[in-house]
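Summary of structural features
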Amino acid sequence: MIIFTKRFHGVAQMQAEEIARLMAGSGAQGAGERPEDEGFMLEALAEARLAADEGEVPVGAVVVCGGEIVARAHNMTEGTKDPTAHAEMLAIRRAAEVLRGSVHRLTGCSMYVTLEPCAMCAGAVVNARLERLIIGAADPKAGACGSLRDIVRDERLNHRVPVTRGVLEEECSGVLKDFFRTRRAEKKHPKEN
């Protein structure tokens, strides 16, 4: 079901295909996968693997602007002892530093993230005014971009972000499953000093 969030003059004369094309970019229903999505998600996956190597929950994110990666990050909450050091927050901060002066907020940029953002990160995505959010794996326990809630597409906010879900979903969820499987095994059979 398409929900019209913008007014179109002369809708009666527009063809159904034209309406669908316009709505796909508006964020009302989401956004379809694009040819470049898998390549950028692979970069986010590389960040997630770095996080796992550091003992962090393996979530990675990249911010893309003009077809180029302008920032990349992975979870660093354990190493920094900062509960806000999620991959998305760090990637947004780094992108803002790189693009300082050339853009207002992160308009025109997209974020690729291996796990659906939490409420904190979803709020940051909205406030950064990202053009698009591409998610690898859903987070049914804490996801705030369509699972538990949908902050990024909440019609009460003045900015909504189109979301593409499930890009390289198996690979993204596999990194998380492997990490937690290893963690559980280590707790069950601690290493001897």
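Structure: see above.
These remarks concern the structure in this document. The model shown is predicted, which means the values in this text are computed figures rather than measured ones. (Residues numbered from 1 in each chain as written. Predicted model: local features only at pLDDT ≥ 70, side-chain atom pairs only at ≥ 80, totals over all residues. Heavy atoms only, no water.)

1. Structural notes on the sheet that holds strand β4 (residues 132-137)
Within a sheet, each strand pairs with its neighbour through backbone hydrogen bonds, oriented either parallel or antiparallel. Threshold: By definition, two strands form a pair when at least two bridges between them are found by DSSP. Each helix corresponds to a stretch of at least 4 residues labelled H or I by DSSP, and each strand to a stretch of at least 2 residues labelled E; elements are numbered beginning at the N terminus. Each axis is a line fitted through C-alpha atoms, taken for helices only over the stretch in contact, and angles between the N-to-C directions span 0 to 180 degrees. Residue contacts follow a heavy-atom distance rule, with two residues in contact if any of their heavy atoms lie within 4.5 Å.
Spatially, β2-β1-β3-β4-β5 is the arrangement adopted by the five strands of the open sheet, whose pairing is mixed. What marks the edges here is a single partner per strand, and that holds for β2 (68-74) and β5 (163-165). On average, adjacent strands in this sheet sit at an angle of 15 degrees to one another, irrespective of strand direction. Sheet topology note: the strand β1 (residues 60-65)/β2 ladder contains six bridges and is antiparallel. Paired with V64 across the two strands is I69, which belongs to β2. Seen against the sheet, helix α6 (residues 169-188) touches β3 (109-115) and β4 and runs at an angle of roughly 60 degrees to β4.

2. Details of unusual backbone geometry
Phi at K81 is positive, roughly 55 degrees, even though this residue is not glycine. On the secondary structure map, K81 appears in the loop between α3 (77-80) and α4 (87-99). At L168, a residue that is not glycine, the phi angle is positive and equals roughly 55 degrees.

3. A few points about the environment of V167
Tracing the backbone shows V167 in the loop between β5 and α6. The spatial distance from the C-alpha of V167 to the C-alpha of R34 is 9.7 Å, given a sequence separation of 133 residues.

4. Some points on the nonpolar core
Quick note on the threshold: Here, nonpolar core means buried Ala, Val, Leu, Ile, Met, Phe, Trp, Tyr and Cys residues that are tied together by side-chain atoms lying within 4.5 Å of each other. Between buried and exposed lies partly exposed: a residue is buried under 20% and exposed over 50% of the maximum accessible area for its type, with that area taken using a 1.4 Å probe on protein chains only.
Grouped together as the largest cluster of nonpolar side chains are 50 residues, with contacts concentrated most on M41, V63, L106, M111, L133 and V152. When contributions to this core are tallied by element, the ones reaching two or more residues are α2 (37-53), β1, β2, α4, β3, α5 (119-127), β4 and α6. Among the elements that make up this core, the one with the highest residue count is α4 (seven residues). Each residue touching V63, except ones within four places of it in the same chain, is listed here: E68, I69, V70, A71, A91, I92, A95, C109, S110 and M111.

5. Here we look at the packing of aromatic side chains
Short version of the rule: Aromatic contacts are taken between Phe, Tyr and Trp rings whose centres are within 6.5 Å, Trp giving its six-membered ring; a plane angle under 30 degrees counts as stacked, one over 60 as edge-to-face, and the others as tilted.
In the structure shown here, the tally under the stated rule is two aromatic pairs. With a centroid separation of 5.2 Å and 45 degrees between ring planes, the pair formed by F40 and Y112 is classed as tilted. Here the residue F40 occupies a position in helix α2, and Y112 occupies one in strand β3, the gap between them amounting to 72 residues. For F40, a relative accessible area of 14% translates into the label buried. With a centroid separation of 5.1 Å and 80 degrees between ring planes, the pair formed by F179 and F180 is classed as edge-to-face.

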